Amino acid sequence: MSGPSRGAAPGLKKERARRVLEHLLMGSRLESMLMVLAVLVGLGWFTDSLFEWLTDIGTWLEGGTVEHWIPLHRVLAVGFFAALLIRLRALAEATRERFRPRIETMVAPPRARALILYLSALYEEQFDELAGAIDSLDGLDAFRARHGGLNWRMPIEAIAHHRAHLSRIVLVCSGDEPRRPGSASQRLLFEQLVKRCFPDCEFTIEVAEDDHRGADRGIDFNDIDAVVRLTDTAFERLVEKARIAPADILIDITGGSKLCSVAGSVVALAEGRRMQYVTGQYQVRVQDVSYVLLDDGDH
């Protein structure tokens, strides 16, 4: 690839950015200035030569005589400018090769203020069993003991880790399939479950939506473009409308389809964004993606 829980990741990114900037400024400031000067001179020389050629063409079209079509100074101008372009391309390629993505995993991640969750659907019998027991569930421990094997355990554990600071939960739900209901039609039961597990928490739950579909329809979790678009829209709305800093928003890639995990990772690759997943042992892990400049001895 910025509230009360900024954590270590933004600080690490700022430190890396400072080191990269110092490296660039100290190591190549003079070279950069000379290159800019050379580009300006070369561009001016090249455009002057083009203008002269256009003038010669106009003279020739009007029946006049052109003594020298390819004078030496124009050839030098074109060659000099072409050499500059080749050099700039080489510098760009070298810079691209020196940057590498780095993923830091936080085993004790700071609490977030907002979570974006992909909600998987329950099988019909699981849904009916939970719906019949929802009124008798008294807290998180009761859910873990009686229904801890459901795939909804993962988003519940994700919420549990951040509940002290959490203010917003955004659900990305799936639409109905021919032989199986989607999580959009099961969302209300999940919201009831969250309230049963965390009765004293005051965070709000909303559904991700965009301009192309209603909130209750859900999306096809196998349509990665739709999932990326909806996730990115949800993230931007949390930043712009809810005024939550990007570093205080987490995209949980545990639920949904495998393509949801890919989509969430893609959206989280932007600078300042982070993602998390819940392990098989129900532990929360947060990944922070950054881009670092390799030192001369790195490979």
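I will try to describe carefully the structure that is included in this document. (Residues numbered from 1 in each chain as written. Predicted model: local features only at pLDDT ≥ 70, side-chain atom pairs only at ≥ 80, totals over all residues. Heavy atoms only, no water.)

It is worth spelling out the overall build of the chain at this point. Summing up its helical and strand segments, the chain has 8 helices and 7 strands in all. Counting every position in the chain, which comprises 299 residues, the buried fraction comes to 41%. For the chain, the computed accessible surface area is about 17000 Å², with 56% contributed by carbon and sulfur atoms. (Helix = DSSP H or I, 4+ residues; strand = E, 2+ residues; numbered from the N terminus. Buried < 20%, exposed > 50% of the residue type's maximum accessible area, 1.4 Å probe, protein only. Areas by Shrake-Rupley, 256 points an atom, 1.4 Å probe, with all protein chains shown as cover.)

Within the secondary structure, Val 75 sits in helix H2 (residues 72-98). With 29 residues separating them in the primary sequence, Val 75 and Phe 46 have C-alpha atoms 9.3 Å apart.

On to the layout of surface pockets. One number sums up the size of the second largest pocket: a volume of about 290 Å³. Along the walls of the second largest pocket sit 16 residues, with Ala 121, Ser 174, Glu 177, Arg 180 and Phe 221 positioned nearest its centre. When the residues that make up the lining of the second largest pocket are grouped by side-chain class, the tally is 5 nonpolar, 7 polar and 4 charged. (1 Å grid on protein atoms, 1.4 Å probe; cavity = no way out; pocket = protein on both sides within 12 Å on 5 of 7 lines; lining within 4 Å. Points joined across faces, edges and corners; volume = space filled by probe spheres on them. Nonpolar A, V, L, I, M, F, W, Y, C, P; charged D, E, K, R; others polar.)

Formed by 34 residues in total, the largest nonpolar core has its most connected members in Leu 130, Trp 152, Ile 156, Ile 159, Phe 190, Leu 193 and Phe 198. Of all elements in the fold, only strand E2 (114-119), helix H4 (140-147), helix H5 (153-162), strand E3 (168-173), helix H6 (187-197) and strand E7 (284-293) reach the threshold of two or more residues within this core. One finds Leu 230, Ala 234, Ile 249 and Val 289 within the second-largest nonpolar core, a separate group that totals 24 residues. (Core = buried A, V, L, I, M, F, W, Y, C linked by side-chain atoms within 4.5 Å.)

Of all the positions in H6, only Arg 187, Leu 189, Phe 190, Glu 191, Leu 193, Val 194 and Cys 197 are classed as buried. Close packing links the buried residues of H6 with E2, helix H3 (124-133), H4, H5, E3 and strand E4 (204-207). (Contact = heavy atoms within 4.5 Å.)

Below, the discussion takes up the pairing of E3. Taken residue by residue, a regular strand's side chains alternate between the two faces of the sheet. Of all 6 residues making up E3, 5 are buried, and the element is well covered by its neighbours. Taken together, the 6 bridges between E2 and E3 define a ladder with parallel strand orientation. Of the residues in E3, the one forming a bridge with Ile 116 is Val 170. Where E3 and E4 come together, 4 bridges link them in parallel fashion. Across the sheet, the residue bridging to Ile 169 is Ile 205, located in E4. (Pairing = 2+ DSSP bridges.)

A few words on the pairing of strand E5 (residues 249-252). Residue alternation in E5 divides its side chains into two sets, Ile 249 and Ile 251 and Leu 250 and Asp 252, and both sets are buried. In this sheet, strand E6 (residues 274-278) lies alongside E5 in parallel orientation, the contact comprising 3 bridges. Its bridge partner being in E6, Leu 250 is matched across the sheet by Arg 274.

Our next topic: empty space enclosed by the protein. Size it by volume and the second largest cavity reaches roughly 30 Å³. Forming the walls of the second largest cavity are Leu 117, Tyr 118, Pro 155, Asp 252 and Gly 255. Each residue belonging to the lining of the second largest cavity can be placed in one class, and the counts come to 3 nonpolar, 1 polar and 1 charged.

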